[in-house]
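# Close look at the chain arrangement
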Amino acid sequence: MSTNDNELRVGMVGYAFMGAAHSQAWRTVNRVYDLPARARMKLVCGRDPEKVAEAADRLGWEEHTTDWRELVARPDIDVVDICTPGDSHAEIALAALAAGKHVLCEKPLANTVAEAREMTAAAATARAGGARSMCGFNYRRVPAVALMRQLVADGRLGEIRHVRASYLQDWIVDPLFPLVWRLRKEVSGSGALGDIGAHIIDLTQYVTGQRITGVSAVTETFVKERPLPSESSGLAAQTDGGSAATGPVTVDDAAIFVARLEGGSLATYEATRFATGRKNALRVEINGSLGSVAFDLERLNELEFHDATRPAAEQGFNRILVTEAEHPYLSAWWPPGHIIGYEHSFTHQMRDFIEAVATGADPTPSFVEALQVQLVLDAVVRSAELGSSWTEVEPALATVSA
Ligand code: SOE
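No experiment lies behind these values; they were computed from the predicted model shown.

Calculation notes
Residues numbered from 1 in each chain as written. Predicted model: local features only at pLDDT ≥ 70, side-chain atom pairs only at ≥ 80, totals over all residues. Heavy atoms only, no water. Helix = DSSP H or I, 4+ residues; strand = E, 2+ residues; numbered from the N terminus. Rg over C-alpha atoms; globule rule 2.2 N^0.38 Å. Buried < 20%, exposed > 50% of the residue type's maximum accessible area, 1.4 Å probe, protein only. Contact = heavy atoms within 4.5 Å. Expected span 1.5 Å × (residues − 1). Salt bridge = Lys/Arg side-chain N within 4 Å of Asp/Glu carboxyl O. Near = heavy atom within 4 Å. Polar contact = N/O pair within 3.5 Å; in protein donor to acceptor, adjacent residues only side chain to side chain. Areas by Shrake-Rupley, 256 points an atom, 1.4 Å probe, with all protein chains shown as cover. Nonpolar A, V, L, I, M, F, W, Y, C, P; charged D, E, K, R; others polar. Patch = residues over 30% accessible without salt bridge, like charges linked within 9 Å, V, L, I, M, F, W, Y side chains within 5 Å. Pairing = 2+ DSSP bridges. Axes fitted to C-alpha atoms, helices over the stretch in contact; angles between N-to-C directions. UniProt positions renumbered as here; feature names shortened; annotations may be inferred. Domains from an automatic or database assignment. Buried area = accessible area lost by both parts, 1.4 Å probe.

## Here we look at the overall build of the protein chain
A tally of regular secondary structure across the protein chain gives 11 helices and 16 strands. Taken over C-alpha atoms, the radius of gyration comes to 22 Å for the protein chain, in line with the 21 Å a tight globule of 402 residues would show. Dimensions of the protein chain along its principal axes, counting C-alpha atoms only, are 85 × 70 × 40 Å. Sorting the 402 residues of the protein chain into buried and exposed places 52% on the buried side. Contacts in the protein chain between residues at least 24 apart in sequence constitute 70% of all its contacts with a sequence separation of at least 6.

Written out as structure tokens, the structure is:
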């Protein structure tokens, strides 16, 4: 905390999509919630001096720099907010924690389990000195998701039997979409699996309170070569003379796996960027012995709840409009029925982060919970590589004699 005791001076590294979403939340959170500390948007960092200067002005940061090490070392920075691609999460977080800063790190925590373990250990060490850390799985902070968790925790679903989770996008269906950083393993760690699969892994572990204990997976890369981005650098460009330079896609386009959770439930997970027509369709359905819940991020103000204890004539999936003051986070916003959006999940995330840091509590999800996600991601990759549970099915015609 700063000398002006209720101020948290934030330094953010990265200013693209997540940087913009976090900036919106830092700008808004203290205007909406009465909190024991105020976030001050002190410094934003990015590699390109002109672009980061423009971003500072557009997003509302007091200063800008191209050197994240300077940001981490500054005595007038209390919080380091990491909004960069996964290949720099560990380096920045380790330096920030060693400098005694509070850290908010975007998901997934890291590109490997080894990095995630190192970050988790560093967070534990830094905690003793008062630093707090959190991983940015923002969908936990959608009110309907928090309500889902409450219903499960209150026993309204009974014993959990099934978890059914999918996260469907389609932004790279066009084979001419360029080879951006999310499609390169050395930068992103994995493809749809780590980028959007991580969300449904964390969300279902959070909602059920149970971890995934084992998986059996398949992954696929449908388009294996893509045009290099116009400003690409450092990529080995393959050209056949006439056509544009291309590069190899080194990550999964889609990952599908079955899983078991601690309580014995069976689960299915699908993360894909090739669900043509689905833009940001995170969907979770949980079936229990006493009822079910169903959530769709593209209808994030709603939760469907089937209460199997009600009289048979009244049963069905009841649509709850999650906009009441009694619902998680909603008391700060508008009257019932005046819906909120994707960006509000980040404001809720900053609310919880600021309150925890200001009171010395431990923010969630912790780096340990984020490591648990990383372990599932790693298990999915290993299972897909091994293919151990895969049983071939022969074509019928091959078995019918002529
Ligand atoms: C991928 O396009 C992406 O931006 C993810 O990286 C985010 O985590 C998700 O919230 C939206 O989609």
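From this point, the narrative continues.
## With respect to helix α10 (residues 367-386)
The terminal C-alpha atoms of α10 lie 28 Å apart, and with 20 residues this matches the ideal 28 Å at 1.5 Å per residue to within 8%. Following α10 by one or two positions, G387 has its phi on the positive side, about 60°.

## Notes on the pattern of salt bridges
All chains considered together, the criterion is met by 32 salt bridges. Across the salt bridge formed by E91 and R69, the nearest N and O atoms sit 2.7 Å from each other. Taken together, the residues span a long stretch of sequence, with E91 in helix α4 (residues 89-98) and R69 in helix α3 (residues 68-73) at a distance of 22 residues. For R69, a relative accessible area of 48% corresponds to the partly exposed category.

## Quick look at the site of the ligand
Around the ligand, the structure places F17, K107, Y139, Y167, Q169, W171, R182, D195, H199, N280 and Y342. At 3.0 Å, a side-chain N or O of R182 approaches an oxygen atom of the ligand. Here an oxygen atom of the ligand sits 2.8 Å away from a polar atom, N or O, in the side chain of H199. Its free accessible area being 300 Å², the ligand has 92% of it covered by the protein chains. Looking at the shell around the ligand residue by residue, the classes come out as 5 nonpolar, 3 polar and 3 charged.

## Structural notes on helix α1 (residues 17-32)
For the α-helix, the turn length of 3.6 residues means that residues three or four positions removed from each other point alike. An ideal rise of 1.5 Å per residue puts 22 Å on 16 residues; α1 measures up with 22 Å between its terminal C-alpha atoms. Within the sequence span of α1, burial applies to M18, G19, A21, H22, S23, A25, W26, T28, V29 and N30. Where α1 is buried, its residues meet β1 (7-13), β2 (38-45), α2 (49-59), β4 (79-82), β5 (102-106) and α9 (342-359).

## What about unusual backbone geometry?
With an omega of -15°, the peptide bond between K107 and P108 qualifies as cis. Of note, P108 is situated in the loop between β5 and α5 (113-128). Residue P365 is bonded to the preceding T364 through a cis peptide linkage, with omega at 0°. Although it is not a glycine, Y329 adopts a positive phi angle of roughly 70°.

## Section: a nonpolar patch on the surface
Taken together, the side chains of V218, I256 and W390 make up a nonpolar region of the molecular surface, amounting to roughly 300 Å² of accessible area. For W390, a relative accessible area of 56% corresponds to the exposed category.

## Topic: the sheet that holds β1
One open sheet accounts for 6 strands, arranged β3-β2-β1-β4-β5-β6; its pairing is parallel. Whereas interior strands pair on both sides, the edge strands pair on one side only; in this sheet they are β3 (63-65) and β6 (133-136). Put simply, the sheet's adjacent strands are angled 25° from each other on average, direction ignored. Pairing between β5 and β6: 4 bridges, direction parallel.

## Points about the UniProt feature "domain: Gfo/Idh/MocA-like oxidoreductase N-terminal" (unreviewed entry) in the protein chain
Within this numbering scheme, the UniProt entry marks residues 8-126 as carrying the feature "domain: Gfo/Idh/MocA-like oxidoreductase N-terminal" (unreviewed entry). Taken end to end, residues 8-126 has its terminal C-alpha atoms 17 Å apart, with 48% of it in helix and 22% in strand.

## Observations concerning the sheet that holds strand β14 (residues 291-296)
Strand order across the open sheet formed by 8 strands is β8-β11-β12-β7-β13-β14-β15-β16, with mixed pairing between neighbours. Of all the strands in the sheet, just β8 (212-220) and β16 (317-321) have a single pairing partner and so form its edges. Strand-to-strand, the axes of this sheet are offset by a mean angle of 15°, without reference to chain direction. Along the sheet face, helix α8 (residues 192-208) touches β7 (160-168), β8, β11 (254-261), β12 (266-272) and β13 (281-288) and points at about 150° away from the line of β12.

## Some thoughts on the domain arrangement of the protein chain
Examined at the domain level, the protein chain breaks down into domain 1 (7-139) and domain 2 (143-299 + 301-340). Relative to domain 2, the C-alpha centre of domain 1 lies at a distance of 24 Å. Listed as interface residues are 13 residues of domain 1 and, on the opposing side, 21 residues of domain 2. In total, about 1,400 Å² of surface goes out of reach between domain 1 and domain 2, with carbon and sulfur atoms giving 61% of it. Its largest share of buried area at the contact with domain 2, domain 1 owes to Y33, F137 and Y139, together 46% of the area lost on that side. Where domain 1 touches domain 2, the interface holds 7 residue pairs in polar contact (both at pLDDT 80 or more).

## Structural notes on the side chain of D352
Here D352 shows up in helix α9. Dropping the residues within four chain positions of it, D352 is found in contact with R141 and Y329.

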